[in-house]
Amino acid sequence: MFYTRLLLALCAYLFIPNLHAQSIADTTIYIMAEQMPQYPGGNDSLLREIAARVDYPVQCSDSNIQGKVYLRFVVNTDGSIADVHAVKSPHPLLSVAAIAATKGLKKFAPGLQQGKPVRVWYSVPVNFKVKTSVTGSVADTIYEVVDEPALYNGGADELATAIAKEMVYPREEFQNGVHGQVFLKLLINEKGEIQSTTVSKSVSPGLDQEALRIVKRLKGFKPAIINQTPVKSYYSLPIDFNLHTVEHTLYFGSAIGLVSLQSTFATTAGATDNRRKFLFYYYNGGYEAYSQFIVEKMIYPETAFKSKTEAIIKVNCRINNELKLEAVKVLNDPENVFTNEALRLIKLVPPFNEELRGSTFLKDTLPINVVFVLDKRHSWGQSAQKDEKEADMLVEEGTGFYNKGKYEKSIDYFSAAIRYYSLHSKAFFNRGVALLKLNDKQGACEDFRTAFLLGDLDATDAIKQTCP
């Protein structure tokens, strides 16, 4: 009996450390893995199975509560799922129904990192749509959720071209350095006509008015469709005003299009020296000194370092009474991997010069970049500018091949641009668009997410349309 107990104790001593080591390894959850988890039959099969299991809550369907629930869960190393939760939902009851629909799903092929199974976060949308019989009253209803969204006649490329041709940058805004994206909300009726237009996100009165003027010159749309019948729907349209170039990478409705259109504004005799328009003119040493300070003080997030993830985190800030940056909101870190460190660094940044008190910056909310870079060549003051310029040229060439329908060739050029400059959000976004043309939704989704993490806030629509 003594020897039996001794043997059991010895076995426990020998095996417990291995089990403990395994549990430690399993605690790492990857946002992106070298090979993402795959559901049997692909993502379309996953969506169909969840849709078939959904039990639409009567309280919601009777109240016409509909929309998408975005679920997030962990795919374990054995392919099972855990920690299922809703990150965005129109109603709590829909969240519960969506989560319940994931029970009993088949196992995934797990994600792989360096050839080994790892735990990976996975997201999937669950669509709740109230079925309606289309009658004569449909013309009076404006639909948020449709079978086929409204689409500009000629597609996204034609829309981008039309906007670029029509745009006249307001002189006052250009000379005063005012720029940004004006977001418009269009009501497209069942005939494809623009019934009304409102500004949903303003930049300035001049840019807002120019955006509204451009829309009036656009030709018609193809209306949204429900049950093969045209219906009224809303359509979101961002119009980008860039000080130096008019440059559009647009995606609308169910189609995602890539266009690179440039029309350089010549400096007029009346244009003024805009150096004082830039915030870091008032910082000792300028933007270079700020960037060096961030690099020196940065503690790279462990999870991001292990997954070799880089980011350009945009933080909306204000200037406080001490002339220091004060963070308001992080704009592009959905997984909160970089947020804590970005906020810590912002808080450490030394104050600006006293001269800043006489500027308009004290009244504004300002987007500040915190750059997390692993490739030290791309740190400020080294070869970053040269590499970025080379990457810009490759992206331009890749865009040319894309517009000729040579998608695989364009991908080669976008990939080469990324190798030159790993922080090039446009190269990632454009490669994602090209991958979509080759029906590689997973690859496109990964590139769109990377572009968003590198500061391309407009990639959110592409992520919603492409990613699970």
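Structural data are supplied above this passage.
Quick caveat: nothing in here was measured; it's all calculated off a predicted structure. (Residues numbered from 1 in each chain as written. Predicted model: local features only at pLDDT ≥ 70, side-chain atom pairs only at ≥ 80, totals over all residues. Heavy atoms only, no water.)

### Observations concerning the state of the cysteines
Let me state the cut-off plainly: Only a pair of cysteine sulfur atoms within 2.5 Å qualifies as a disulfide here. Where helices and strands are cited, they refer to DSSP runs of H or I of at least four residues and of E of at least two residues respectively, numbered from the N terminus. Classification of residues uses two cut-offs on accessible area relative to the type maximum, computed with a 1.4 Å probe and protein chains only: under 20% is buried, over 50% is exposed, and between them is partly exposed.
Per the stated rule, a full pass over the model turns up one disulfide. Note on cysteine connectivity: Cys445 is disulfide-linked to Cys467, with sulfurs 2.1 Å apart. Residues Cys445 and Cys467 are joined by a disulfide whose S-S torsion is about 115 degrees; by sign, that bridge is right-handed. Here Cys467 lies in the segment after α15 (459-466) and Cys445 lies in helix α14 (residues 441-453), a separation of 22 residues in the sequence. Here Cys467 falls in the buried class, since its relative accessible area comes to 7%.

### Overview of the sheet that holds strand β17 (residues 366-372)
Put simply, the test is: Note: two strands are recorded as paired if DSSP finds a minimum of 2 bridges between them. Throughout, an axis means a line fitted to C-alpha atoms (over the contacting stretch in the case of helices), and angles, computed between N-to-C directions, take values from 0 to 180 degrees. Contact criterion: two residues are considered in contact whenever any of their non-hydrogen atoms come within 4.5 Å of each other.
The sheet built from three strands is open, its strands ordered β16-β15-β17 with antiparallel pairing. Both outer strands of the open sheet, β16 (325-330) and β17, are each paired with one neighbouring strand and no more. In this sheet, adjacent strand axes meet at a mean angle of 45 degrees when their direction is disregarded. By the bridge criterion, five bridges tie strand β15 (residues 311-319) to β16 in an arrangement that is antiparallel. Bridge pairing links Asn316 to Lys329 in β16. Of the strands in this sheet, β15, β16 and β17 touch helix α10 (residues 339-348), which is tilted by about 115 degrees from β17.

### Overview of a negative patch on the surface
Rules: Patch definition: residues with relative accessible area over 30% and no salt bridge; like charges joined within 9 Å; nonpolar side chains (Val, Leu, Ile, Met, Phe, Trp, Tyr) joined within 5 Å. To be clear on the numbers: accessible area is Shrake-Rupley with a 1.4 Å probe, and residue cover counts the displayed protein chains and nothing else. Salt-bridge detection follows one rule: a side-chain nitrogen of Lys or Arg within 4 Å of a carboxyl oxygen of Asp or Glu. We score Asp and Glu as negative and Lys and Arg as positive, and we do not count His or the chain ends. Here the site of a charge means NZ on Lys, CZ on Arg, CG on Asp, or CD on Glu.
Together, Glu388, Asp392, Glu396 and Glu397 make up a negatively charged patch on the protein surface. Considering the arrangement of structural elements, one finds Glu396 in helix α11 (residues 384-403).

### Here we look at the pattern of salt bridges
Evaluated as defined, the whole model comprises eleven salt bridges. Residues Lys106 and Glu49 are paired through a salt bridge, measuring 2.5 Å at the closest nitrogen-oxygen approach. Highlighted residues: Lys106 in the loop between α4 (92-100) and β4 (111-113) and Glu49 in helix α2 (residues 43-53), separated in sequence by 57 residues. Given a relative accessible area of 45%, Lys106 falls into the partly exposed group. Residue class for Glu49 comes out buried when judged on its relative accessible area of 16%.

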